[in-house]
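The residues making up each chain are set out below.
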Amino acid sequence: MDSVARKFDLTMLYAAYDAFRRDTARLEVAARPGSAFGWARAADGWTLFTAHWSLQDRAEKNALWTVMYAKDADGPGRVGVVLDAMASLALKAVPLIDGLEAALEHRDRGAFARYARDLRVSVDALLDFKESNVLPLIQETLTPFEWGAFDVELRRGLGLRGLGVFLPWLLDGAPDGTRRAVLGLLPPPIRLCYRARWRPRYLRRGGLAARGR
């Protein structure tokens, strides 16, 4: 990779996208006939997914995509075309999220299974497109200040209390390399809180992370 491709560390973005893929895959598996399924467990997982999906989407729109569109204002150029395609894929997920929400509310197992399958496919397509086509544009178009503004936006949306939920959710079942990379970005007091308080609490509440990490 050249120096441009390494300008910003996108570890947290990749980790978040992997966590969204993980959650939609778990929902699809849980809804299959013969699998152990509990509405309370599904609802808990869904609440975490939707909360972090909304937070991520809002932070990206406010601090990344809006800025990148503005740089393409004289266009339509390559950046705008790619972002438009991404937005189209993102819109396809909206009715699926609404449908799965309704299926959970009404405890409709058949509808839940259908929406879970379709949502997993839609989320995978969107995130694959982002990783292949959009994230490289971040490296090409944003300044260090603009990239830093995204980090500020995300942290402000989370707050310290939210970080205590987000971090163990993010690293639930993550590979060792991802876990080390994410924790390496954080100051020692936050890492200590994660290991001593936040992750044990997450596990007590039913998180699926492998124990011992």
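Residues numbered from 1 in each chain as written. Predicted model: local features only at pLDDT ≥ 70, side-chain atom pairs only at ≥ 80, totals over all residues. Heavy atoms only, no water.

Considering the confidence of the model for the protein chain
Residues with a pLDDT of 70 or more make up 92% of the protein chain, whose mean pLDDT is 90. Contacts from residues 1–5, a stretch scored under 50 in pLDDT, to residues over four places away or in other chains number four contacts. (pLDDT = per-residue confidence, 0-100. Contact = heavy atoms within 4.5 Å.)

Digging into unusual backbone geometry
For Arg107, which is not glycine, the phi torsion reads 55° and is therefore positive. In this structure, Arg107 sits in the loop between helix H3 (78–106) and helix H4 (109–141). Exposure remark for Arg107: the relative accessible area of 56% places this residue in the exposed category. (Helix = DSSP H or I, 4+ residues; strand = E, 2+ residues; numbered from the N terminus. Buried < 20%, exposed > 50% of the residue type's maximum accessible area, 1.4 Å probe, protein only.)

Notes on the pattern of salt bridges
Taken as a whole and assessed by the stated rule, the structure comprises 15 salt bridges. Across the salt bridge formed by Asp118 and Arg117, the nearest N and O atoms sit 3.2 Å from each other. With a relative accessible area of 33%, Asp118 lands in the partly exposed category. What emerges from the salt-bridge pattern is a single network uniting Asp18, Arg21, Asp128 and Glu131. (Salt bridge = Lys/Arg side-chain N within 4 Å of Asp/Glu carboxyl O.)

A short note on the packing of helix H2 (residues 39–71) against H4
Running from N to C, H2 and H4 point in directions that differ by 30°, and their axes come no closer than 12 Å. Considering their axes alone, H2 and H4 lie roughly parallel with respect to each other. Between H2 and H4 lies a crossing whose hand is left-handed. Contact residues: Trp39, Ala42, Trp46, Phe49, Trp53, Glu60, Leu64, Trp65, Met68 and Lys71 in H2; Arg109, Phe112, Leu119, Val123, Leu126, Lys130, Val134, Leu137, Ile138 and Thr141 in H4. A breakdown of the residues in the contact of H2 with H4 according to their chemical character gives 15 nonpolar, one polar and four charged. (Axes fitted to C-alpha atoms, helices over the stretch in contact; angles between N-to-C directions. Parallel < 35°, antiparallel > 145°, perpendicular 65-115°, else oblique. Left-handed = near helix turned anticlockwise from the far one by under 90°. Nonpolar A, V, L, I, M, F, W, Y, C, P; charged D, E, K, R; others polar.)

Remarks on H4
Here H4 spans 45 Å end to end across 33 residues, near enough to the 48 Å set by a 1.5 Å rise per residue. Approximately 45° is the largest bend angle found in H4, and it occurs at Glu131. (Expected span 1.5 Å × (residues − 1). Bend = angle between axes of the 7 residues up to and from the residue.)

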